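Structural description and commentary
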Amino acid sequence: MTYAISQNCCNDATCVSVCPVNCIHPAPGERDFGSTETLYIDPAACIDCGACADACPVDAVFPVESLTGPQRTYARMNADYYADAPTPQPAADSPNFHSWSEPAFTRTLPADFAAPRVAIVGTGPAGMYAAEDLLLHTAAEVTLLDRLPVAGGLVRYGVAPDHPATKKIGETFARFHQHPRVRLLLGVEIGEHLTAQELAAHHDAVVYAVGAPGDRRLEIPGEEAVGSISATSFVAWYNAHPDIPADTIDLSAPRVVVVGTGNVALDVARILLTDPEELAGTDIADHALEALRASAVREVVLLGRRGPEDAACTRPELLALTHLPGVHLVVDDHDARIGPALDAADPEDKAVLLRGIDREQVDYTEPPRDDRRRLVFRFHSAPVEVHPSAPAGEHSDGEGRAAPGVAGVRVTGSAGQVDIGAGMLLRAIGYRGAPVPGLPFDESAGTVPHEKGRVAGRPGTYVVGWIKRGPSGGIGANRACAAETVTTLLDDAASGALAQPAHSAKAFRRLVRRRNRHVVDARGMAAIDRAEQARGSRNGRPRSKLATVPELVAASKTRLPLPR
């Protein structure tokens, strides 16, 4: 019996480091590492030890014999990755089928070197991988800051609630919140409570892991209408992000158009069409679950600018979508290129997963049927205009409540333009970084200019994650990204390039608490976690998230002993 890696793979390569026979690839340092959708286990070399399954932070590794139904595809995907590779042979004087490269220890400091004080701004995956690297390889003292009064970043507010295994990586990161060399200070925003200069004056180095909170625009007429929103806002809404009010989303129209075919587009389509009772056992926001139970949405149309062979999603996510219970999938066969592309798809292409789906030329003048939920893939299409349902300034139902502001979307097609009647448009065409007060910013790329993580013209200042490389790569991609930044930081420290902090760590904590009386520390974060789990347990859920800053701050003040 061998093991296979499945849909939830985060690509952080924890499994690679524990495999005793080096049978998981691509591994860090190999050419394809970071470019494949998942990692793959070589069935010819796997010795069935299960070390990878034990170490996987997102429960993505399973024995092949335990995979059933559609999950069997992952066994084939793992084997196919090695199909054209030479049959592995034991290395000379070694029982292993795959050879290891020479060990390298790049993220270390001399034993007699004074422990640096490092501030990390952002507690999402990028920031936490950087913290982990520093804590495990050096004696550094780390201050973790976040503008929200709760830690987690993308893991808490970006991962879909029906992907609980992916969220489990948050447990790996949370163990560092109580680390003896870590100080957690939440609810602290650079540019509001502190300046970048003040932060730098109290630390040897500062690492910014602030992600890409913005989104790309369509730049089409009507895009600003009520009901035309970013998929990032929708994701934040169903994940109880404090920045998105509970009444932001209106699900009173039967059809929704989603622009994009990436994983985020698939996430929002899946959440809109999944039976709400299937979501009731997740950590979805209470207000989102209530809205979905009352939702009128029966059809979601995914718009792809290019053909099915170029869909931006990963193959595992598309495979999961094609087996969504109770949802009828259709490919809109409006373009003569679509059918041949599906029929000619190679077994390893994503498009092959859509080959067996019904094809029809969809009539969007007809309202969706009430008795079914349907997902329509419409390729070779792009939105050109959003039709508002009322003139500007008249979006009200007479009782002061916002009325749906989208009546339809005009899209391109092979036969010209087509109007799709819809009450909501979600643009899922990418995230975008935002300027960080006090740091340089590249407007065209949406990133902070840097050299291997070192911010241009700012000694002692570094970036990691999406603000460094742009919004590409999933959770695990941040591990290698953080390793590069930490290596650069430690090289600078060892060479004497870092200035000594002008103020002590104690002075910094006093400064922070003077600027914000509601700072949440590790004890407060543990109290929030307990409160949310207790709220959820009353309804058979893993947790019920607190959705506003005041609620989070209030929960943080419930003082109990830290968990052992």
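Residue indices follow the written sequence of each chain, beginning from 1 at its first position. This being a predicted model, a pLDDT of at least 70 is required before a residue's local features are given, and a value of 80 or more before pairs of side-chain atoms are given or counted; all residues contribute to the totals for chains, interfaces and linings. Note that the side-chain values use all heavy atoms of the structure and ignore hydrogens as well as water.

1. Considering the nonpolar core
- As used here, the term nonpolar core means buried Ala, Val, Leu, Ile, Met, Phe, Trp, Tyr and Cys residues forming a set that is joined through side-chain atoms within 4.5 Å. When accessible area is computed with a 1.4 Å probe and restricted to protein chains, residues below 20% of their type maximum are described as buried, those above 50% as exposed, and intermediate ones as partly exposed. Judged by nonpolar contacts, the single largest core of 67 residues is most densely connected at Ile24, Leu39, Ile41 and Ile120.
- Per-element tally for this core: the top contributor is helix H4 (residues 125–137), with 7 residues.
- Beyond its immediate sequence surroundings of up to four residues, Ile120 is in contact with Gly127, Ala130, Ala131, Leu134, Val142, Thr143, Leu144, Leu145 and Val207.
- Listed in part, the 61 residues of the second largest apolar core include Ile284, Leu342, Leu353 and Phe377. For helices the rule is a DSSP run of H or I covering at least 4 residues; for strands it is a run of E covering at least 2, with both sets numbered from the N terminus onward. Note on contacts: a residue pair qualifies if any of its non-hydrogen atoms lie within 4.5 Å across the two residues.

2. A few points about the pairing of strand S11 (residues 255–259)
- Taking burial as the measure, the 5 residues of S11 include 5 buried ones, the bulk of the element.
- The side-chain alternation of S11 yields two buried faces, one formed by Arg255, Val257 and Val259 and the other by Val256 and Val258.
- Two elements, S11 and strand S12 (residues 299–303), share 5 bridges in a ladder whose sense is parallel. Bridged to Val258 within S12 is Leu302.
- Looking at chain direction, S11 and strand S19 (residues 424–427) are connected through 4 bridges and run parallel. The residue bridging Val259 from the neighbouring strand is Arg427, located in S19. By definition, two strands form a pair when at least two bridges between them are found by DSSP.

3. What about unusual backbone geometry?
- A cis amide bond links His25 with the next residue in sequence, Pro26, at an omega value of -5°.
- In this structure, Pro26 sits in the loop between strand S2 (24–25) and strand S3 (40–41).
- For Asp48, which is not glycine, the phi dihedral falls at a positive 65°.
- As for its placement among the helices and strands, Asp48 is situated in the loop between S3 and helix H2 (51–55).
- Phi is positive for Asp59, which is not a glycine, with a value near 50°.
- Position of Asp59 relative to the elements: it lies in the loop between H2 and strand S4 (61–63).

4. What about the side chain of Ser381?
- With respect to the secondary-structure elements, Ser381 resides in the loop between strand S15 (373–378) and strand S16 (383–388).
- We call two N or O atoms a polar contact when they sit within 3.5 Å, provided that within protein one can donate a hydrogen and the other can accept it, with sequence-adjacent residues counted only if both atoms are side-chain atoms. There is a polar contact of 3.4 Å between the side chain of Ser381 and the side chain of His334.
- Ser381 has contacts with Leu303, Gly304, Arg305, His334 and Thr412, leaving out every residue within four places of it along the chain.

5. What about the packing of helix H18 (residues 522–537) against helix H19 (residues 549–556)?
- Note on definitions: angles span 0 to 180 degrees between N-to-C directions of axes, and those axes are lines fitted to C-alpha atoms, for helices only across the stretch in contact. Contact geometry for H18 and H19: axes closest at 7 Å, N-to-C directions at 110°. Taken together, H18 and H19 sit at an angle that is classed as roughly perpendicular. Contact residues: Gly524, Ala527, Ile528, Ala531 and Glu532 in H18; Leu552, Ala555 and Ser556 in H19.
- Note that Gly is not counted as nonpolar here; it falls among the polar residues with everything else outside the nonpolar set of Ala, Val, Leu, Ile, Met, Phe, Trp, Tyr, Cys and Pro and the charged set of Asp, Glu, Lys and Arg. In the contact of H18 with H19, the residues fall into 5 nonpolar, 2 polar and 1 charged. Any angle from 65 to 115 degrees is called roughly perpendicular, while one under 35 is roughly parallel, one over 145 is roughly antiparallel, and all others are oblique.

6. Details of the sheet that holds strand S17 (residues 406–413)
- Ordered in space as S16-S17-S18, the 3 strands form an open sheet in which the pairing is antiparallel. Here the strands that pair on one side only, and so sit at the sheet edges, are S16 and strand S18 (416–421). In this sheet, neighbouring strand axes are inclined to one another by 20° on average, regardless of whether the strands run parallel or antiparallel.
- In terms of strand pairing, S16 meets S17 through 5 bridges, oriented antiparallel. Within the sheet, the bridge partner assigned to Pro383 lies in S17 and is Val411.

7. Things to note about the environment of Gln533
- By the element assignment, Gln533 lies in helix H18.
- By relative accessible area, which is 36% here, Gln533 ends up partly exposed.
- Between the C-alpha atom of Gln533 and that of His177, which follows or precedes it by 356 residues, the distance is 18 Å.

8. Quick look at the state of the cysteines
- The term disulfide is used for any two cysteine sulfur atoms that are within 2.5 Å. According to the stated counting rule, one finds 0 disulfides in the structure shown.
- Here Cys23 stays free of any disulfide, with the sulfur of Cys19 as its closest cysteine sulfur at 3.7 Å.
- Looking at Cys481, it has no disulfide partner, and the nearest cysteine sulfur is the one in Cys10, 15 Å off.

9. Section: empty space enclosed by the protein
- Think of a 1 Å grid over just the protein atoms. A cavity is a set of points where a 1.4 Å probe fits yet cannot get out, a pocket is an open set with protein on both sides within 12 Å along at least five of seven lines, and lining residues have an atom within 4 Å of a point. Grid points are joined across faces, edges and corners, and a volume is the space filled by probe spheres set on the points. Tallied over the entire structure, the rule returns 4 cavities of 30 Å³ or more.
- As a volume, the largest cavity reaches approximately 80 Å³.
- In terms of lining residues, the largest cavity is bounded by 14 residues, among which Cys9, Cys10, Asp12, Cys15 and Cys56 are the most central.
- Grouping the constituent residues of the lining of the largest cavity by class yields 11 nonpolar, 2 polar and 1 charged.
- Taken as a whole, the second largest cavity holds about 60 Å³ of empty space.

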